[in-house]
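Observations on the three-dimensional arrangement
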Amino acid sequence: MNAIKNLLKQFYDWVKYETGSLDTVIFVLPAVIVITLTYWLIRRTWHKRKFGKDFKAKRRQCRLNETIRLLSVCWLSFISTFVLMPYDFWWKFWKTAAYGKWEARPDPYSFDWNVKPLFVWLIADKYILSAGEAIHLLENVALFVPFGLALPFVWKRAGFFKTFLAGFIFSFVIELTQIFTGRGGDIDDLICNTLGAVIGYLLYLLIQRLFPRFTEKCKTTAK
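Residues numbered from 1 in each chain as written. Predicted model: local features only at pLDDT ≥ 70, side-chain atom pairs only at ≥ 80, totals over all residues. Heavy atoms only, no water.

1. Describing the confidence of the model for the protein chain
When pLDDT is averaged along the protein chain, the result is 87, and 89% of the positions lie at 70 or above. No element of the protein chain has a lower mean pLDDT than helix H6 (residues 118-124), at 63, and none a higher one than helix H9 (residues 187-210), at 95. (pLDDT = per-residue confidence, 0-100. Helix = DSSP H or I, 4+ residues; strand = E, 2+ residues; numbered from the N terminus.)

Right, dumping it as structure tokens:
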């Protein structure tokens, strides 16, 4: 038991003090791995019971689609555990596991929501965008590109408008939830996330145009 606690302490200290801004991402990874593996096992077991002797042939038939689904679950679990949890939850979780001490946050709710888009500040107030703000916006765009790219493969009815709407609603739920987790909501994040979903769908259309046969193989599901 002491050996395990020592390993946890070494892991916590290394991540917290040696990895810089990546600490929370690394702390989240074990949860993401567990959720993704759980989905894979449940999905595989369900297919095995459903197809019986044809299990291996059916799995080969839909291998690309199942891979996309698995990566989508990995992305979704990362978003859920990283963005929707309080900003300091995971390093407190690992610190408690290593040192047995949970530091309660006195005020877990921010109730902050920025409703004024950044482009309004840029135009009306001649605000100069900093490099950090630009990177933050690009990160929020890139974060939802996988969403828009994968959705048409796992949901055959997903057209441009449905992908746009799904990206907007999912991002809105995230921003709304963050009000209660100490992060706060931001209209710019909502805009950038939705834009990322649209860009992802446009990438899907490009792939479909350039590689139609490959696209159809990726859409093939086990029936």
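2. Section: the packing of aromatic side chains
In this structure the tally under the stated criterion is 20 aromatic pairs. A centroid spacing of 6.1 Å and a plane angle of 70° characterise the contact between Phe160 and Tyr201, whose relative ring orientation is edge-to-face. Taken together, the residues Phe160 in helix H8 (residues 160-178) and Tyr201 in helix H9 connect sequence positions 41 residues apart. What makes Tyr201 buried here is its relative accessible area of 9%. One aromatic cluster is present, built from ring pairs that chain together Phe11, Tyr12, Phe27, Phe89, Trp90, Phe93, Trp94 and Tyr99. In this structure, Lys16 is placed above the aromatic ring of Trp91, and the distance from its NZ or CZ to the ring centre is 4.4 Å. Lys48 extends its terminal NZ or CZ atom over the ring of Phe55, reaching a point 5.8 Å from the ring centre. (Phe/Tyr/Trp six-rings, centres within 6.5 Å; stacked < 30°, edge-to-face > 60°. Buried < 20%, exposed > 50% of the residue type's maximum accessible area, 1.4 Å probe, protein only. Lys NZ or Arg CZ within 6 Å of the ring centre and 35° of its normal.)

3. Some words on the packing of helix H1 (residues 2-18) against helix H5 (residues 89-99)
Here H1 crosses H5 at 145°, and the two axes come no closer than 8 Å. The way H1 lies across H5 gives a crossing that is left-handed. Of the residues in H5, those touching H1 at Lys5, Leu8, Lys9, Phe11, Tyr12, Asp13 and Lys16 are Trp91, Trp94, Lys95, Ala97, Ala98 and Tyr99. Along the lines of polarity and charge, the residues of the contact of H1 with H5 split into eight nonpolar, no polar and five charged. (Axes fitted to C-alpha atoms, helices over the stretch in contact; angles between N-to-C directions. Left-handed = near helix turned anticlockwise from the far one by under 90°. Contact = heavy atoms within 4.5 Å. Nonpolar A, V, L, I, M, F, W, Y, C, P; charged D, E, K, R; others polar.)

4. Describing the nonpolar core
Grouped together as the largest cluster of nonpolar side chains are 22 residues, with contacts concentrated most on Phe27, Ile79, Phe147 and Phe170. A per-element tally of this core places helix H2 (residues 23-51) first, with five residues. Residue contacts for Ile79: discarding those within four places in its chain leaves Leu84, Leu143, Phe170 and Ile174. The next biggest cluster of nonpolar side chains, apart from the first, holds six residues, and it includes Ile68, Ala150, Tyr204 and Cys218. (Core = buried A, V, L, I, M, F, W, Y, C linked by side-chain atoms within 4.5 Å.)

5. Here's the deal with H5
Looking at H5, one finds that the buried residues are Trp90, Trp91, Lys92, Trp94 and Ala98. Contacts from the buried residues of H5 go to H1, H2 and helix H4 (63-82). Immediately downstream of H5, the backbone of Gly100 shows phi near 70°, a positive value.

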